[in-house]
Amino acid sequence: MSTNENSAQEIQKRFNKRVSADPYLKKLMERVENGSATFADVDTYACQVAECYNTAIHEVLGDVGIEEYRQAAQTTIPKGFHALYDRASDYTEQFINAQLQDAGIGMKAVRAEYDAEKERDVTGKILERTQAAEEISQVEGFSNLQVESFAQKAATNTLQKNAEVQSRAGLEVTVTRIYDGVGLHDGKDECKWCLERRGENMPYSEAYAKGAFSRHPGCHCEILYKTAKGIQRQTDWTHNQWEDVADEQALKIRRRFAEEDSSLSARERISVLEVAQSPGDAVKPRSMFGDYYDYNEIDIDDEAINALRGLKAAADKTGWEYGRSRCDGVWLEPHTDNKHNDVAIPYLSDAKNVELYHCHTDESPPSAEDMRAFATPSIQRIGVLSCNGDGWIIDIGSGIRPTKNELDEALDLCYNQAKDNLQGDPTFWEWTYEERSYMLVRERMRLVANYFEWDVMGGVLYE
């Protein structure tokens, strides 16, 4: 084993030991566990973890020469960055989960991916400083600041990622950045860079564009965001009006559920409350007939419309789903798997621009499984014609092309948000089980499309 590897392992060992024994970190962890932690604690925790790492580095490398330290800056020091990133991200995730639970929002925190670019930036700056130094004392303070900046970035990235996810899921997210007041590193002059990024209750898109989640080394501005409870829960599906759902109303819903038919089993009661989705039994509420207020008007060519109508006509005869594809402008023959609620995507190895059309044998809009097709790079559009004549078209257009993991993550998040939205609707208890299934599919489709900035069209295509 090389000297660098030995040093890296020793630094990691000492780092873990220091984190476990640090009384301040223990107090911060207690605060996040009992729900009293703040956004400021998130940054404080990241900085304290970085201090543990910097101390471990000093204990192991403090007596080496500048040349050996220069080598360590490229290899030994960065080896522990993943552990440092995980520590800061773990705490931030726990904090956000507590915030979501306290707000009654049915979502879970997500973690930002490891920031390899920040690692390269920090490593490069430390190496550059060592090249101009003659002894370690001329580098250590600067190096400590860079390591702290890396840990802060881990925490801030995860904060920003969750604010983005919640905003895309249809929640109202506002961001506040409070200037730390200490100025630049010397504490004498105001930091114009930070002052340009401060603001209160900024909509997420505005805050992101302004760089409110960015930090420079040594920055301790407080960065926080709020996800308004109850905002963007649709309480009037007919006129597309939104209003706050107060805690009292949520409590009434739960009380009413508790008073429902006591003959229901525990499993059945949970299914009712969670608006469980069962393929093949979705029924559009009568109040929604002819209502496509939350979607664009269908604008596709006649060939595509006729293809969808032909699939529905075939399904009406057999009760099976049918599908048909247009690949690079050429139509393939219709196909079926002889199943009531499923038809497979055909193998399309060489096509570059694919449109997938199929029919549903119930009244549901495009499902989660339908939308998973967009993880395939060649698929640009999916179209569905439901058995009641409703047509639904989703175009990826200039929106985001997700990976399979990103799409699965968004589907899960938007499923939970859709449940929250529906259970906050005053008419929730007036819908049948089948109508709730329909509304869940429709609401999740809307949220996922909004999340990835896809174009969704809806309207009557078959009467």
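Provided above is the structure to which this section pertains.
Residues numbered from 1 in each chain as written. Predicted model: local features only at pLDDT ≥ 70, side-chain atom pairs only at ≥ 80, totals over all residues. Heavy atoms only, no water.

Colleague: Would you explain the overall build of the chain in this entry?
Modeller: On a plain count of helices and strands, the chain comes out with 15 helices and 11 strands. Per-residue burial for the chain yields a buried fraction of 51% across its 463 residues. Residue pairs in contact within the chain that sit at least 24 positions apart in sequence constitute 73% of those at least 6 positions apart. (Helix = DSSP H or I, 4+ residues; strand = E, 2+ residues; numbered from the N terminus. Buried < 20%, exposed > 50% of the residue type's maximum accessible area, 1.4 Å probe, protein only. Contact = heavy atoms within 4.5 Å.)

Colleague: I keep staring at the pattern of salt bridges and nothing clicks. Help me out?
Modeller: Pairing of side chains with opposite charge becomes possible as their charged atoms draw close. Taken as a whole, this structure holds 23 salt bridges when the rule is applied. When the shortest N-O distance is used, the salt bridge between K312 and D316 registers 2.9 Å. In this pair, K312 and D316 both sit in helix 12 (residues 302-318), 4 residues apart, roughly one turn of the helix. By relative accessible area, which is 6% here, K312 ends up buried. Exposure remark for D316: the relative accessible area of 46% places this residue in the partly exposed category. Among the charged side chains, a network of salt bridges with common partners joins D301, E303, R326, E355, R381 and D395. (Salt bridge = Lys/Arg side-chain N within 4 Å of Asp/Glu carboxyl O.)

Colleague: Would you explain the packing of aromatic side chains in this entry?
Modeller: Where two aromatic rings form a pair, the distance of their centres and the angle of their planes describe that pair. Per the stated rule, a full pass over the model turns up 15 aromatic pairs. Between F81 and F150, the ring centres sit 4.5 Å apart and the planes meet at 25 degrees, which makes this aromatic pair stacked. With F81 in helix 5 (residues 81-103) and F150 in helix 7 (residues 140-168), this pair connects stretches of sequence that are 69 residues apart. When sorted by exposure, F81 lands in the same class as F150, which is buried. (Phe/Tyr/Trp six-rings, centres within 6.5 Å; stacked < 30°, edge-to-face > 60°.)

Colleague: Sorry, what's going on with the nonpolar core here?
Modeller: For soluble globular proteins, nonpolar side chains are generally found buried alongside one another. Ranked by size, the top nonpolar core spans 99 residues in total, and within it Y53, L84 and W454 carry the most contacts. Per-element accounting of this core gives the leading share, 11 residues, to helix 3 (residues 39-61). Each residue touching L84, except ones within four places of it in the same chain, is listed here: F15, V49, A50, Y53, V147, F150 and A151. Grouped together as the second largest cluster of nonpolar side chains are 16 residues, I298, A307, I393 and L461 included. (Core = buried A, V, L, I, M, F, W, Y, C linked by side-chain atoms within 4.5 Å.)

Colleague: I would appreciate a short explanation of the sheet that holds strand 1 (residues 173-178) in the present structure.
Modeller: Sheets are built from strands paired through backbone hydrogen bonds, the pairs being either parallel or antiparallel. Spatial ordering of the open sheet is given by 2-1-3, a layout of 3 strands whose pairing is antiparallel. Of all strands in the sheet, those bounded by a partner on one side alone are strand 2 (199-203) and strand 3 (222-227). When strand polarity is set aside, the average angle formed by the axes of neighbouring strands in this sheet is 20 degrees. Packing of helix 7 onto the sheet brings it into contact with strand 1 and strand 3, and relative to strand 3 it is tilted by some 20 degrees. (Pairing = 2+ DSSP bridges. Axes fitted to C-alpha atoms, helices over the stretch in contact; angles between N-to-C directions.)

Colleague: Teacher, can you tell me more about empty space enclosed by the protein here?
Modeller: Space left empty within the atom packing is revealed by a probe, the size of a water molecule, rolled over the atoms. The tally for this structure, following the rule as stated, stands at 2 cavities of 30 Å³ or more. Roughly 60 Å³ of internal volume is contained in the largest cavity. Lining the largest cavity are K118, S149, Q152, K153, T156, F213, S214, R215, H216 and P217. In terms of residues, the lining of the largest cavity owes the most to one element, helix 7, which gives 4 residues. For the lining of the largest cavity, the per-class residue count stands at 2 nonpolar, 5 polar and 3 charged. (1 Å grid on protein atoms, 1.4 Å probe; cavity = no way out; pocket = protein on both sides within 12 Å on 5 of 7 lines; lining within 4 Å. Points joined across faces, edges and corners; volume = space filled by probe spheres on them. Nonpolar A, V, L, I, M, F, W, Y, C, P; charged D, E, K, R; others polar.)

Colleague: Teacher, can you tell me more about the packing of helix 7 against helix 15 (residues 433-452) here?
Modeller: Axis angle and axis distance: for two packed helices, these are the angle between their axes and the distance between the axes, and together they describe the pair. At a minimum axis distance of 8 Å, the contact between helix 7 and helix 15 shows a crossing angle of 130 degrees. When the axes of helix 7 and helix 15 are compared, the pair comes out oblique. Contacts between helix 7 and helix 15 involve V165, S167 and R168 from the first element and L447, N450 and Y451 from the second. Looking at the contact of helix 7 with helix 15, its residues break down into 3 nonpolar, 2 polar and 1 charged. (Parallel < 35°, antiparallel > 145°, perpendicular 65-115°, else oblique.)

Colleague: I would appreciate a short explanation of the state of the cysteines in the present structure.
Modeller: All told, the structure shown has 0 disulfides when counted by the stated rule. Free cysteine C194: the closest other cysteine sulfur is in C191, separated by 3.7 Å. Classification of C194 by relative accessible area gives buried; the value is 2%. This cysteine, C387, is not joined by any disulfide, and C359 carries the nearest cysteine sulfur, 9.5 Å off. (Disulfide = S-S within 2.5 Å.)

Colleague: What am I meant to see in helix 4 (residues 66-74) here?
Modeller: Working note: α-helix, 3.6 residues per turn, so residues spaced by three or four point in the same direction. Every buried residue of helix 4 is listed here: I66, Y69, R70, A72 and A73. The buried residues of helix 4 occupy an angular sector of 160 degrees when projected down its axis, which confines them to one face. Looking at the buried residues of helix 4, the elements they touch are helix 3, helix 6 (116-131) and helix 7. (Arc of directions from axis to C-beta.)

Colleague: Is there a simple way to think about helix 2 (residues 23-33) in this case?
Modeller: All of the buried residues along helix 2 are L25, L28 and V32. Taken down its axis, helix 2 places every buried residue within 60 degrees of arc, on the same side. Those residues of helix 2 that are exposed and angled more than 90 degrees off the buried face are P23, K27 and E33. Near the N-terminus of helix 2, the side chain that reaches the backbone nitrogen of Y24, with its oxygen 2.9 Å away, is that of D22. Of the residues flanking the end of helix 2, it is G35, one or two places downstream, whose phi is positive at about 85 degrees. (Polar contact = N/O pair within 3.5 Å; in protein donor to acceptor, adjacent residues only side chain to side chain.)

Colleague: I would appreciate a short explanation of the environment of E435 in the present structure.
Modeller: When you line up the elements, E435 lands in helix 15. Separated by 151 residues in sequence, E435 and K284 have C-alpha atoms that sit 5.5 Å apart.

Colleague: I would appreciate a short explanation of unusual backbone geometry in the present structure.
Modeller: As a rule of thumb, non-glycine residues mostly have phi less than zero, and peptide bonds are mostly trans rather than cis. Located in the positive-phi region is N201, a residue other than glycine, with phi close to 50 degrees. For N201, a relative accessible area of 40% gives the class partly exposed. Of note, the phi angle at D328 is positive, near 50 degrees, even though the residue is not glycine. Its location among the elements puts D328 in the loop between strand 6 (323-327) and strand 7 (330-331).

By themselves, these observations are geometric and do not establish any function.
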